[in-house]
Amino acid sequence: MTRSYRFPEDFLWGAATSAYQIEGSPLADGAGPSIWERFAHTPGMMVGGDTGDVACDHYRRYQDDVQLMKALGLQGYRFSIAWARVLPEGTGRVNEKGLDFYKRLVDELLENGIAPNATLFHWDLPAALDDRGGWLNRDSAHWFAEYAEVMFKALDGRVQRWATLNEPWVVTDGGYLHGALAPGHRSKYEAPIAAHNLMRASGAGIQAYRAHGKHEIGVVFNIEPKYPHSPSPEDLAATRRAHAYMNEQFADPALLGSYPPELKEIFGAAWPDFPADDFKLTRQKVDFVGINYYTRAVVKNDPSQYPLKASPVRQPNKTYTETGWEVFEQGLTDTLTWFKDRYGDIPLYITENGSAFYDPPVAEGEVLDDPLRTGYLRKHLRALHKAIDAGVQLKGYYAWSLMDNLEWSLGFSKRFGLYHVDFATQKRTPKATAKLYARVIESNGAVLDD
Ligand code: BGC
């Protein structure tokens, strides 16, 4: 029997971006600086000295960009709000001009029949709050709830799907443990505290939503499944540690109200005894969970690696993306079924999935051919369909990303877009993957049968 890849009738097809990666004009109209504005302007932090000063100039071109979405037939668009545009000092005074940008964007999306999905925090903490200790300060949960409330009052109803945080693991691993991302700290003592306060903030944001909002709120995690390199007890234990650190460290406090025991083993004396009451705050009812899936890791025991004592093993004869990630679509199916088994039958969205492959800086012709990315999309959508067949309550998919953008400290060197962006002229050109995605949306997946 031939398989049909048609998706459920109410399945939502979308694409995602984030504020600092696309907007540009980060200080326009009274916005305050964010930690990314500071980091990008610190010499040596960004590949090629790139910054988000212009990025995709979306702050000024958002209407044209909504037309790009419309041309794909997108039903939903996931974007993030730059906290420091709305609250330049992070708390207190609201900058109406900054808020107005998001009101205009949301209006434009709705007028074009595209459902807005807003993420409140995609890594660009106001610098003024970093000066007060950032995520290391327990007050950060209250700062976040105050900001969230401003947004809910301004936009709930027109925005019907909210997320508190995007990928808290990346914030703490990159920002507080290894230092490759803003704010660039390197401390085994700080990382668990920042992680914990992020999850307290997410909980406080959800509580604020219950008081002010009437639709859906959730949180977005990056989940990277871990597979053992060998069946040796050492490799199995290393795999458990890697999984607990990257995946369960965030989803457990949010959905189970606890931490996995491996974290104490990993961090040793640096693992704090968190007050039991905190878990009442971290564990709030969510309406959905967003999962960002890119790749897997095969893990081996490695005592030289700090602090996990585990390292990834590169797989022979496999395709790797330009960011060094193995193309492994079965991991998407496995992630979704694992999530359901561990946390229960929560409605799930894939809030990001995509790949960076080599594209030229300037696109010639009307469509840019990108066969590796097209293959990645096709394989991952089929893997997604398998998860639905296995009983996962999967409600939608957002491709990462609508267009090439600032890949954080890797600058403009890595391209994930459905649309190619020529950063010298801001010209957008659809890639073949965009064309395939438009056909997927139009046929609700049936085109994947071919
Ligand atoms: C992030 C995006 C990022 C993408 C590709 C995710 O970790 O949410 O902001 O661009 O992956 O690295």
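Keep in mind the model is a prediction, meaning the values are calculated, not measured.

So, how was this worked out
Residues numbered from 1 in each chain as written. Predicted model: local features only at pLDDT ≥ 70, side-chain atom pairs only at ≥ 80, totals over all residues. Heavy atoms only, no water. Phe/Tyr/Trp six-rings, centres within 6.5 Å; stacked < 30°, edge-to-face > 60°. Helix = DSSP H or I, 4+ residues; strand = E, 2+ residues; numbered from the N terminus. Buried < 20%, exposed > 50% of the residue type's maximum accessible area, 1.4 Å probe, protein only. Lys NZ or Arg CZ within 6 Å of the ring centre and 35° of its normal. Near = heavy atom within 4 Å. Polar contact = N/O pair within 3.5 Å; in protein donor to acceptor, adjacent residues only side chain to side chain. Areas by Shrake-Rupley, 256 points an atom, 1.4 Å probe, with all protein chains shown as cover. Contact = heavy atoms within 4.5 Å. Salt bridge = Lys/Arg side-chain N within 4 Å of Asp/Glu carboxyl O.

## Focus: the packing of aromatic side chains
Move 1: One pass over the full model with this rule turns up 41 aromatic pairs.
Move 2: Each ring, one from Trp 83 and one from Phe 121, has its centre 6.3 Å from the other, and the planes form 90°; the classification is edge-to-face. Linking Trp 83 in helix α4 (residues 83–86) with Phe 121 in strand β3 (residues 115–121), this pair joins segments that are 38 residues apart in sequence.
Move 3: Residue Phe 121 is classed as buried on the basis of its relative accessible area of 1%.
Move 4: Three or more aromatic residues joined by ring pairs make a cluster, and in this case those are Trp 169, Tyr 245, Tyr 259, Phe 267, Trp 271, Phe 274 and Phe 279.
Move 5: Cation over ring: Arg 296 sits above Tyr 227, and NZ or CZ is 5.2 Å from the ring centre.

## Side note on the site of the ligand
Move 1: In the region of the ligand, the neighbouring residues are Gln 21, His 122, Trp 123, Asn 166, Glu 167, Tyr 294, Trp 325, Glu 352, Trp 400, Glu 407, Trp 408 and Phe 416.
Move 2: The side chain of Gln 21 places a nitrogen or oxygen atom 2.8 Å from an oxygen atom of the ligand.
Move 3: In the environment of the ligand, an oxygen atom lies 2.9 Å from a nitrogen or oxygen atom belonging to the side chain of Asn 166.
Move 4: Contact with the protein chains covers 94% of the free accessible surface of the ligand, which is 310 Å².

## Remarks on the side chain of Thr 321
Move 1: Relative to the assigned elements, Thr 321 resides in the loop between β9 (310–312) and α13 (330–343).
Move 2: Looking at Thr 321, the relative accessible area reads 8%, which means it is buried.
Move 3: A distance of 3.0 Å separates polar atoms of two side chains, one belonging to Thr 321 and the other to Thr 323.
Move 4: When neighbours within four sequence positions are excluded, Thr 321 is seen to be in contact with Val 327, Ser 355, Ala 356 and Phe 357.

## Some thoughts on the pattern of salt bridges
Move 1: For the coordinates displayed, the defined rule picks out 29 salt bridges.
Move 2: Taking the shortest distance from any N to any O, the salt bridge between Glu 89 and Arg 93 comes out at 2.9 Å.
Move 3: A relative accessible area of 35% means that Glu 89 is categorised as partly exposed.
Move 4: For Arg 93, a relative accessible area of 47% translates into the label partly exposed.
Move 5: Through salt bridges with shared partners, a single ionic network connects Asp 359, Asp 370, Arg 373, Asp 404, Arg 415 and Lys 431.

## Thoughts on unusual backbone geometry
Move 1: A cis amide bond, omega 5°, links Ala 182 with the succeeding residue Pro 183.
Move 2: Locating Pro 183 in the fold gives a position in the loop between α8 (168–177) and α9 (190–212).
Move 3: Cis rather than trans, the peptide bond between Tyr 306 and Pro 307 has omega equal to -10°.
Move 4: As for its placement among the helices and strands, Pro 307 is situated in the loop between β8 (297–301) and β9.
Move 5: For Asp 29, which is not glycine, the phi dihedral falls at a positive 55°.
Move 6: Examined against the element boundaries, Asp 29 turns out to sit in the loop between α1 (19–22) and α2 (35–40).
Move 7: In this structure, Asn 444 takes a positive phi of about 50° despite not being glycine.
Move 8: Tracing the sequence through the fold places Asn 444 in the segment after α15 (432–443).
Move 9: The class for Asn 444 is buried, based on a relative accessible area of 10%.

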